[in-house]
Amino acid sequence: MMQAIKAELLEGVLTVTMSRPDKKNALTNEMYGALADAVARANADDEIRALLFQADGDMFTAGNDIGEFAAQSAGNGPQERHVERFLRELATATVPIVAAVQGKAVGVGTTMLLHCDYVLLSEDAQLITPFVNLALVPEAASSLLLPLRIGHVRAFDMFALGDPVSADAAVAWGLANRKTSAAELRAEARKVAEKIAARPAGSLTAMKRLMRDAAQLVAQIDSERTVFADRLASAEAKEAFAAFAEKRKPDFTKLARQ
Ligand code: COA
């Protein structure tokens, strides 16, 4: 299999590319492991002055691999869930992070952007957080960060109804810096990353530490994980994953609130 996460260091910028386009870059445990390694490397290596996330294919990512969610729900998940390491690395990151997003960014594809420092969207970008549609709850400290960023009612809409947010709305709400044409997305993101890489790195790191309460973010991720694991094992989630596998709409109406 082609490597689904590619990392390339060029002139101080570590570019990390999600590349599983036939599955819309749905993230597997192995991919989370490679993403976690890349962020850890960027945080630790002084040569790396900026990290840039991008994706191959027509969308940023369809989020967590739902087949793997289903396996975890049935108690057949991996020993070590690398997503936890990835989220922790993101929450505690001191390296500046740029993201270039085209097409849909689903689930963690959107919540990871809340840990990025400069977000560029292509015109066709859509941010979607359908956790409740999958009978799950938000993760990556997004239950704290999203309402802080865009207010409770918009965050509720995104989380509870899973309504897609357009590039224009995302920029207006402060979820992204600006939009560009799809053709220019990568070059524009690279330019931003190079600009950041030319700034004094010590100052940037110190500033980023002051701007983010990493301990609070990690604590939020820990609380979310417990609730998420509970929901993942629920009858509601099993119905959601079965519906995805069978390419049908889920029916939650026969399941009582619990
Ligand atoms: N997990 C596993 N496989 C996924 C996936 C995911 N999250 N998202 C897409 N895929 C797979 C599809 O099953 C399909 O596989 P197949 O060709 O073997 O049938 C392939 O990727 C292409 O997806 P498809 O649904 O045909 O593309 P689309 O452009 O019509 O729709 C999405 C794209 C993202 C809207 C749709 O795939 C989707 O809703 N995915 C689930 C998103 C989600 O809920 N993620 C979890 C968030 S917490």
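Before reading on, note that the structure itself is shown above.
Just so it is clear, the structure is predicted and the values come from calculations on it, not from any experiment. Residue numbering note: each chain is counted from 1, following its sequence as written. Reporting of local features is limited, given that this is a predicted model, to residues whose pLDDT is at least 70; pairs of side-chain atoms are given and counted only at 80 or more, and all residues count toward the totals for whole chains, interfaces and linings. With hydrogens and water excluded, all non-hydrogen atoms of the structure serve as input to the side-chain values.

Draft legend 1. Up close: the side chain of His115. Strands are runs of DSSP state E lasting at least two residues, helices are runs of H or I lasting at least four, and both sets are numbered from the N terminus onward. Looking at the element boundaries, His115 is found in the loop between helix H4 (108–111) and strand S6 (118–122). Any pair of residues with heavy atoms lying within 4.5 Å of one another is described as a contacting pair. Those residues in contact with His115 that sit more than four places away from it in its chain are Leu90, Ala91, Ile97, Ala140, Ala141, Leu145, Lys208, Arg212 and Leu217.

Draft legend 2. Highlighting the packing of aromatic side chains. Two aromatic rings from Phe, Tyr or Trp, using only the six-membered ring of Trp, form a pair when their centres are within 6.5 Å; if the ring planes differ by under 30 degrees the pair is stacked, by over 60 it is edge-to-face, and anything between is tilted. A full pass over the atoms with the stated rule returns five aromatic pairs. Considering the side-chain rings of Phe69 and Phe228, the 5.7 Å spacing of their centres and the 45° angle between planes classify their relative orientation as tilted. Of the two residues, Phe69 is situated in helix H2 (residues 66–73) and Phe228 in helix H10 (residues 214–232); the sequence distance between them amounts to 159 residues. Among the residues examined, Phe69 registers a relative accessible area of 6% and is labelled buried. Here's how the labels work: a residue is buried when its accessible area is under 20% of the maximum for its type, exposed when over 50%, partly exposed in between, all with a 1.4 Å probe on protein chains only.

Draft legend 3. Quick peek at helix H1 (residues 29–44). Helix length check: H1, at 16 residues, gives a terminal C-alpha distance of 22 Å against a target of 22 Å (1.5 Å per residue), a fit within 8%. Inspection of H1 places Asn29, Met31, Tyr32, Gly33, Leu35, Ala36, Ala38, Val39 and Ala42 among the buried residues, and these make up the whole buried set. Contacts made by the buried residues of H1 are with strand S1 (5–10), strand S2 (13–18), strand S3 (50–55), H2, helix H3 (82–91) and H4. By this rule the span expected of a helix is its residue count minus one, scaled by 1.5 Å.

These values are about where atoms sit, not about what they do.
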